[in-house]
Each structure stands twice: as structure tokens, then as C-alpha cells.
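Chain by chain, the residues:
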Amino acid sequence: MSIQSSITEFRDLAKKKSYTIAKINWWLLKYYDLYKYCKDNWNTCSCFRELPCSHTMGSEENKFVDFYKSLEKVADLHKKEPYFLEQLQLFEKVRDDPSALIKWLLHNEKLGAEDFLIFWIEWMEEEDLVNPGINFFPNIEVKILVKEFESTIQFMEVFNELYWTSDIVKER
Ligand SMILES: [Zn+2]
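Residues numbered from 1 in each chain as written. Predicted model: local features only at pLDDT ≥ 70, side-chain atom pairs only at ≥ 80, totals over all residues.

Points about the overall build of the chain
Now for step 1: When helices and strands are tallied, the chain shows 11 helices and 2 strands.
Now for step 2: Written out in order from the N terminus, the α and β elements of the chain read α-α-α-α-α-α-α-α-α-β-β-α-α.
Now for step 3: The C-alpha radius of gyration computed for the chain amounts to 20 Å, which surpasses the reference 16 Å derived for 172 residues by more than 25%, pointing to a less compact arrangement than a globule.
Now for step 4: Taken over the C-alpha atoms alone, the chain extends approximately 60 × 40 × 25 Å along its principal axes.
Now for step 5: Burial statistics for the chain: of 172 residues in total, 20% are counted as buried. (Helix = DSSP H or I, 4+ residues; strand = E, 2+ residues; numbered from the N terminus. Rg over C-alpha atoms; globule rule 2.2 N^0.38 Å. Buried ≥ 20, exposed ≤ 12 C-beta atoms within 10 Å, placed from the backbone.)

Brief notes about the environment of Glu50
Now for step 1: With respect to the secondary-structure elements, Glu50 resides in the loop between α3 (32-41) and α4 (54-57).
Now for step 2: Taking the number of C-beta atoms within 10 Å as the measure of exposure, Glu50 has 6 and is therefore exposed.
Now for step 3: When the C-alpha positions of Glu50 and Glu126 are compared, they lie 42 Å apart, and in sequence the two are 76 residues distant.

Description of unusual backbone geometry
Now for step 1: Located in the positive-phi region is Lys16, a residue other than glycine, with phi close to 45°.
Now for step 2: As for its placement among the helices and strands, Lys16 is situated in the loop between α1 (3-12) and α2 (21-30).
Now for step 3: On the basis of neighbour count, Lys16 is assigned to the exposed category, with 6 C-beta atoms found within 10 Å.
Now for step 4: Unusually for a residue other than glycine, Lys17 sits at a positive phi of about 65°.
Now for step 5: Locating Lys17 in the fold gives a position in the loop between α1 and α2.
Now for step 6: For Lys17, a count of 8 C-beta atoms within 10 Å translates into the label exposed.

Rendered as C-alpha cells:
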């Protein structure tokens, strides 16, 4: 298994220039051992022994580790889809009850205002694609159909509209 062939294989998984989460997960699983190997060995030929040098920093192994970790982050965020669907259903029940609504916002504060903030601000520039800005290798742009993050996006719309103008934020 080489880095080059794993990257070529990843490139070929795109359909109309976008990826499904299922395909990303499949690829992550298939190349987990290669990732472990690169993570343990990317710096073994450093000119500065333990410390990285410009060669090891720019090595394919190091790039592969960054690439893999970035994809893993996307896959991790996607795991929250069922949770957000559940929270949207809960929102419908509390939306007209101010104190229950505040509880709902506080309960989701970390996810909405921290964990998914970059997703919302930087990954949603295109209307129909999520773009996490993963561009370590030439000719690979990891874009995902918004459909994959349907509940996440709906949740963020609702959360952002209410949270940033709520008393929770004003009182801090
Ligand atoms: Zn060096």
C-alpha cells in the first residue's frame, strides 16, 4: 500500500466532484494502517533527529497524516446528524416557551457556538456543497453534498438565529 495509490483511489471515489460520507468512511477504514504507519514514521529521517526538519515537514507521509486527520474530522462531525435531527424535533416543542428555549440553547451551546462554528462560517461558502478546505494533494478537493449534513445545517440555522441575540450572550 502506497500513499500515491491511496490518494489516487480517493480521487476516484468522487462523483461529479463531490464525495459521500459513506465513501469517505470506507476510505478511512481501508487506509487506517497506512495512517498509523505514517503517523509513527513521518519524522524518522529528520536532519534534526527528534525535531522536524523542512524535509520531513514537507514529506508525503506528513501530508498524508494531515489529510487523513482532516477527513476524520469531517466524518466525526457527520456523526452528529442523528443528534441534530432529534434536537430539531425537540426545538419544535420548546420554541414558544421562553425558559424551555433558553435551556435548549444552553444544552446545545458547545456544539452550536464552538464545535460547529467553523463548519458554519468557513465550510458553507457554496450553496449546494460543504467545503472543508482540504487541499493537501494536487487535484483533490474534498466537497460533500449538503444533503449529507441536512440536519446539521438546519440545526445551525435555527441555533444561530436565536443564540447570538439571546440573553445568554447579552448577559456575558
Ligand atoms: Zn531534513
